[in-house]
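Commentary on secondary and tertiary structure
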Amino acid sequence: MTQPDIHPLFNDRKLKLGTFCTNIEGGTIMSSVEGQATASWSSTLPIALLADEMEFEAQVPVGRWRGIAGNPDDGRPSMEVFTWAAGVGARTKNSGIFATSHISIMHPIVAAKQAAAVDDITNGRFALNVVCGWQQEEMEMFGSPMLAKNDRYACAAEWLEIVKRLWTEEGLVNFKGRFYNIKEGYLQPKPTRRPHPPVMNAGTSDEGKHFAAKHCDMAFIPPTTFEEIRQQVESYRAIAKEYGREIKLWSYAYIVQGDTEEDAKSFYNHYVHELGDWKGAEARVKSIGLSAPPMSEEALRGVMERFIAGGTGYPLIGNKEQIVEGLQQLSAAGLDGVLLTWPRFHEGIARFKDEVYPLLVQQGLR
């Protein structure tokens with residue numbers, strides 16, 4: 001195979017697309033609805049192949065080691081992300097394939113070598129999502145302390161510097177910092193992609209934005225309202241400019257498609273209000289502090305509903321034309337790309353391919 005000159009993430013399509021959470025049982029929803037994705041190769045591969053056929057620029061798994069809200073199973077079973085990326089990367093040919101690395105539980109030499117292997121398997125299509133770690137129980141499971149926010153990003157900067165040096169420098173790498181001490185670090189072979197695979201981060205605090213703008217190629221911003229997304233995009237681009245850099249900005253959305261808007265809303269009501277895990281959603285919201293300061297009952301229920309419906313993703317609910325309109329709006333907000341999920345992942349992405357994707361091409365988004 002000949003490596004593409006441009007990584008899929010940096011092609012010239014107006015709106016880039018990707019899949020999200022296909023390595024996790026249920027994807028992003030919290031519901032007992034039938035037809036969900038499962039944490040298995042037989043489930044994730046058909047989704048990956050459909051996305052690759054549409055030349056989606058990204059396929060992004062979520063790195064999870066246990067559940068939250070005090071329940072180890074709350075996060076649902078999941079496939080480990082580097083092995084997932086190797087498998088999916090070997091069977092696809094167009095998409096950028098991500099893995100996620102938690103810096104506090106994965107040594108930079110190990111991550112750099114795993115990434116180089118997957119980059120070779122994918123013929124230079126690999127990309128790395130760097131996560132500083134936010135769930136205390138998950139970090140403690142590995143015996144790793146939960147660092148303060150400022151320390152997390154300082155640690156991440158050292159971690160990423162080591163990884164990039166291992167990827168790009170031919171000699172042995174020595175590094176002595178506050179968090180890492182590397183003596184004659186060695187990595188061969190190097191990644192296929194030069195100078196190195198793209199790096200993404202999802203920091204939303206001021207510290208996180210500065211880290212991503214200074215050190216990463218992409219940032220993943222939270223999907224809130226149109227206006228808030230637009231403001232986040234402007235903020236990120238302004239910070240990147242401070243460092244003399246440009247950065248690509250992505251978010252994510254969940255799609256509930258019907259023949260009509262009424263059909264879509266009916267199915268939404270079925271999987272969210274009739275079959276949703278409201279007890280689990282309440283525990284999750286409280287465990288990660290979103291209910292503090294105290295919310296009204298109505299506001300709390302609204303946040304819980306977002307978790308159940310699509311993991312707080314941006315809602316795209318309606319017929320095929322309304323789905324296209326929603327994606328046009330996200331592009332107009334300044335996003336370079338959007339990761340997509342569906343409650344019934346297999347059925348949803350297949351329908352998207354047949355009915356929505358051709359309209360995106362007609363509208364000039366693809």
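Here, the structure is the one placed above.
This section reports on the structure supplied with the text.

Bringing the pairing of strand E9 (residues 248–257) into the picture now. Buried residues dominate E9, accounting for nine of its 10 residues. Where strand E8 (residues 218–220) meets E9, three bridges bridge the pair, whose relative direction is parallel. Of the residues in E9, the one forming a bridge with Phe220 is Trp250. Running through helix H7 (residues 226–242), the crossover from E8 to the neighbouring parallel element E9 is right-handed. Relative to strand E11 (residues 337–341), E9 is paired through five bridges, and the arrangement is parallel. Looking at E11, one finds that Ser251 is bridged to Val338.

A separate point is the pairing of E11. In terms of burial, E11 is a largely internal element, five of the five residues being buried. By the alternation rule, side chains of E11 split into Gly337, Leu339 and Thr341 and Val338 and Leu340, which are all buried. Bridge count between strand E1 (residues 16–20) and E11: four bridges; the pairing is parallel. Counterpart to Lys16 in the pairing with E11 is Gly337.

What follows concerns the side chain of Asn319. Mapped onto the secondary structure, Asn319 falls in the loop between strand E10 (314–318) and helix H11 (320–332). Residue contacts for Asn319: discarding those within four places in its chain leaves Gln257, Gly258, Asp259, Thr260 and Glu261.

The rules behind the values
- Residues numbered from 1 in each chain as written.
- Predicted model: local features only at pLDDT ≥ 70, side-chain atom pairs only at ≥ 80, totals over all residues.
- Heavy atoms only, no water.
- Buried < 20%, exposed > 50% of the residue type's maximum accessible area, 1.4 Å probe, protein only.
- Helix = DSSP H or I, 4+ residues; strand = E, 2+ residues; numbered from the N terminus.
- Pairing = 2+ DSSP bridges.
- Right-handed = clockwise from strand over helix to strand, strands pointing away.
- Contact = heavy atoms within 4.5 Å.

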